[in-house]
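Examination of the molecular architecture
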Amino acid sequence: MWCLHSKALISPISFGNFIKHLPRNKLTPFNFNHKTLISTKSLNSSHFETLDSQQRDQISIYVDALLQWNQRMNLTSVKERSEVMERHVEDSLAILPSINEFYELHCGCSRGSLNLVDVGSGAGLPGLILAIACPSWNFTLLESMNKRCLFLEHAINVAGVSNAQVVRDRAEIAGQSPEYREAFDVAIARAVAELRVLAEYCLPLVRVGGLFVAAKGHNPQEEVRNAEKAVDLMGASVAHQRLVDSHSPYGQRTAIICVKDRSTPRKYPRDAGTPAKMPL
């Protein structure tokens with residue numbers, strides 16, 4: 001696959017008070033066409049197995065932590081280790097070729113040391129998994145829920161991931177912050193919201209010339225059409241759709257790749273909660 005002691009940054013929260021409750025125990029660029037997809041081979045190999053032994057060990061530690069913490073808080077509906085590996089780890093790794101290929105195609109520069117943000121990171125999917133797979137890239141895991149941030153900080157520490165930080169904030173707030181606005185080469189999001197809402201969450205964080213990559217379902221055509229206005233207002237365009245391997249019921253997901261070619265107007269993102277309540 002193309003392409004780990006962490007300094008996790010997180011708003012002040014009480015880790016001790018929470019931890020005590022844990023249990024003991026062939027790529028072709030094109031002008032966007034709604035009916036056209038770039039397809040990869042069908043699901044017949046493991047992205048996980050392409051990682052080196054240290055990376056596989058780190059992911060194994062992460063999965064153990066996820067299942068343990070999931071006994072006390074809602075991180076995932078998946079309860080079995082094999083399902084976590086298939087539905088979460090493999091799905092997260094599956095979007096990596098799209099990031100690699102389209103970044104080089106559109107951004108015209110090396111992807112040796114990228115700065116990425118995972119918006120609505122939740123349990124660290126896909127951001128923390130990709131941080132393990134790509135140790136030369138820097139990842140910000142943006143998550144608004146305090147308990148999930150505690151888990152992310154714990155997982156980063158126990159897995160020894162050095163290229164990820166946790167930021168506890170809403171995307172709407174971060175997108176207006178001078179520290180994060182248009183500061184990232186790539187924004188990624190998986191299973192957070194519909195695309196027109198995600199565009200307002202993610203694209204203000206992406207620098208001009210960068211990418212926004214959204215992992216969506218097997219047939220996102222209507223969702224993409226509905227998002228065109230929002231994507232354009234954020235200063236970007238939908239450049240590609242790419243089918244990627246998935247262990248979802250349909251066997252495939254679609255990576256939606258948006259290219260940002262101009263700055264996002266200062267009025268976006270709107271106030272916290274507004275993008276979801278009043279999508280563009």
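Look up a bit, the structure's there.
Because the structure is a prediction, the values reported are computed rather than measured.

As a further point, take the overall build of the protein chain. The secondary structure content of the protein chain amounts to 10 helices and eight strands. Residue burial in the protein chain is summarised as follows: out of 280 residues, 54% are buried. Accessible area for the protein chain stands at about 12,200 Å²; split by element, carbon and sulfur atoms hold 47% of it.

It is worth spelling out the pairing of strand 8 (residues 252–260) at this point. By the criterion of burial, strand 8 is predominantly enclosed, with eight of the nine residues buried. Summarising the sheet, strand 7 (residues 236–245) and strand 8 pair through nine bridges and their orientation is antiparallel. Its bridge partner lying in strand 8, aspartate 245 is registered against glutamine 252.

What follows concerns the packing of helix 8 (residues 195–202) against helix 9 (residues 221–233). Running from N to C, helix 8 and helix 9 point in directions that differ by 30°, and their axes come no closer than 7 Å. Helix 9 is crossed by helix 8, and the crossing has right-handed handedness. Mapping the contact onto sequence places Leu195, Arg196 and Ala199 in helix 8 and Glu223, Val224, Asn226, Ala227, Ala230 and Val231 in helix 9.

Another aspect to go through is unusual backbone geometry. Note the cis peptide between leucine 125 and proline 126, where omega equals 10°. Here proline 126 is to be found in the loop between strand 2 (115–119) and helix 5 (127–133). Residue tyrosine 268 is joined to proline 269 through a cis peptide bond whose omega torsion reads -5°. In this structure, proline 269 sits in the loop between strand 8 and helix 10 (274–277).

Across its 14 residues, helix 3 (residues 81–94) extends 18 Å between first and last C-alpha, which sits within 8% of the 20 Å expected from 1.5 Å per residue. Residues of helix 3 that are buried in the fold lie against helix 2 (53–69), helix 4 (96–107), helix 5, strand 5 (184–190), strand 7 and strand 8.

The next point concerns the environment of glycine 217. With respect to the element layout, glycine 217 can be found in the loop between strand 6 (206–216) and helix 9. Glycine 217 sits in the partly exposed class, given a relative accessible area of 36%. The spacing of glycine 217 and isoleucine 256 is 39 residues in sequence and 9.9 Å in space, taken between C-alpha atoms. With sequence-adjacent residues up to four places away left out, glycine 217 is seen in contact with Arg253 and Thr254.

A few words on the packing of aromatic side chains. Each aromatic ring pair is summarised here by two numbers: the centre-to-centre distance and the angle between the ring planes. Under the criterion given, the structure shown has four aromatic pairs. By way of ring pairs, the aromatic residues Tyr62, Trp69 and Phe151 are connected into one cluster.

Reading the values: the criteria
Residues numbered from 1 in each chain as written. Predicted model: local features only at pLDDT ≥ 70, side-chain atom pairs only at ≥ 80, totals over all residues. Heavy atoms only, no water. Helix = DSSP H or I, 4+ residues; strand = E, 2+ residues; numbered from the N terminus. Buried < 20%, exposed > 50% of the residue type's maximum accessible area, 1.4 Å probe, protein only. Areas by Shrake-Rupley, 256 points an atom, 1.4 Å probe, with all protein chains shown as cover. Pairing = 2+ DSSP bridges. Axes fitted to C-alpha atoms, helices over the stretch in contact; angles between N-to-C directions. Left-handed = near helix turned anticlockwise from the far one by under 90°. Contact = heavy atoms within 4.5 Å. Expected span 1.5 Å × (residues − 1). Phe/Tyr/Trp six-rings, centres within 6.5 Å; stacked < 30°, edge-to-face > 60°.

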